[in-house]
Amino acid sequence: MKRLCLSAAFFLISFPLYAAGGSVAKLHAFLQDVKTLKAGFTQQVLDANGKQVKQSNGTLSLKRPDRFRWDYAKPNEETIVADGKKLWIYDVQLQQVTVKSMSANLATSPAVLLAGSNDVDKSFTVADLGEKDGLSWVQLTPKVKDSDFDSVKLGFKGDDVAVMELKDNLGGLTRIELDHLQRNPAMSDDSFKFTPPPGADVIGDTGDSAKHG
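Thresholds, definitions, all that
- Residues numbered from 1 in each chain as written.
- Predicted model: local features only at pLDDT ≥ 70, side-chain atom pairs only at ≥ 80, totals over all residues.
- Heavy atoms only, no water.
- Pairing = 2+ DSSP bridges.
- Helix = DSSP H or I, 4+ residues; strand = E, 2+ residues; numbered from the N terminus.
- Phe/Tyr/Trp six-rings, centres within 6.5 Å; stacked < 30°, edge-to-face > 60°.
- Buried < 20%, exposed > 50% of the residue type's maximum accessible area, 1.4 Å probe, protein only.
- Core = buried A, V, L, I, M, F, W, Y, C linked by side-chain atoms within 4.5 Å.

### Here we look at the pairing of strand β9 (residues 149–157)
(1) Moving on: Judged from the five bridges that link them, strand β8 (residues 135–142) and β9 form a sheet pairing that is antiparallel. If you follow Trp 137 over to β9, its bridge partner there is Gly 155.
(2) Moving on: Taking the residues that link successive antiparallel strands as the turn, the β8-β9 hairpin has six residues.
(3) Moving on: Pairing between β9 and strand β10 (residues 160–168): eight bridges, direction antiparallel. Residue pairing for β10: Phe 149 is matched across the bridge by Asp 168.
(4) Moving on: Here β9 folds back onto β10 in antiparallel fashion, the turn holding two residues, of which Gly 158 has a positive phi close to 65 degrees.

Take a look at the structure:
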C-alpha cells in the first residue's frame, strides 16, 4: 500500500496561470507543467482510529514520464525507484530487492499520472473541497473498484502541494508533508537507474537492466 500510494506525491506542482481557478485547476496545471521535481518529506501512517503507527522521512525526486525515486532515511532505510519500465523496492535492513513491472502497477494507483497522460479525469473522480487549515484541498477518488485506496486528498499552499492524505480500504490514513520543494531542477535519467547491491536477495524479474550478486 505505502509503496504504490506514495507515488501520488507527484501531484506536486501547479502553474501560476491557474492560481485563480481553484485546486482542481492547479492539479491540471501541474500535469501540464511539471517535468522534474525534488523535495523532502515527512510521512505519518495512522490506523482507522487515528492513532499514529509509524512515522518516517526522506527525500523524493521525479522526472516525467515514468521515473521517480523515494529514499527513506528514518527509521528504516528503503529506496523505491521507477526507471521507466520497472519498479524497484530495496529494503536496506533486509537486504532484499523486489522488482515489479510498472505497467502492472500504474493502472490502479495514483502513479498513473506518471505514465505520461494528463487526463486525470479518466482514472479519477476529481472534487474541489475548498479551504481548510490554510490550504486549498482537492480530492481524487479512483474510478476502478479494486484499487488499494479509497481516495487521495491534496492540500495546496499557494501553487504547491504542501500535504497529501491517502485513505486506504481499511480506514487507515497516510499523511505526507512536503518541504524544500524544487520545481523543474536539472536531472538526468541516470538518477533513476537502480542496480541491486551485491549479495541482496532479488524477488521478481530484473530483465536485462541490472545485475546482482
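What follows picks up the thread again.
### A short note on the packing of aromatic side chains
(1) Moving on: All chains considered together, the criterion is met by five aromatic pairs.
(2) Moving on: The interplanar angle of 65 degrees and the centroid separation of 4.6 Å between the aromatic rings of Phe 41 and Trp 70 together place this pair among those described as edge-to-face. Of this pair, Phe 41 sits in strand β1 (residues 36–46) while Trp 70 sits in strand β3 (residues 67–74); the two residues are 29 residues apart in sequence, bridging distant segments of the chain. As far as burial versus exposure is concerned, Phe 41 and Trp 70 are alike and both buried.
(3) Moving on: Ring plane angle 25 degrees and centroid distance 6.3 Å describe the contact between Trp 70 and Tyr 72, whose orientation is recorded as stacked. Tyr 72 shares its class with Trp 70; the two are buried.
(4) Moving on: The rings of Phe 41, Trp 70 and Tyr 72 are connected pair by pair, giving a single aromatic cluster.

### Digging into the nonpolar core
(1) Moving on: Counting 30 residues, the largest nonpolar core has Phe 68, Trp 70 and Leu 154 as the members making the most contacts within it.
(2) Moving on: Ranked by residues supplied to this core, first place goes to β9 with four residues.

Keep in mind these values describe shape, not function.
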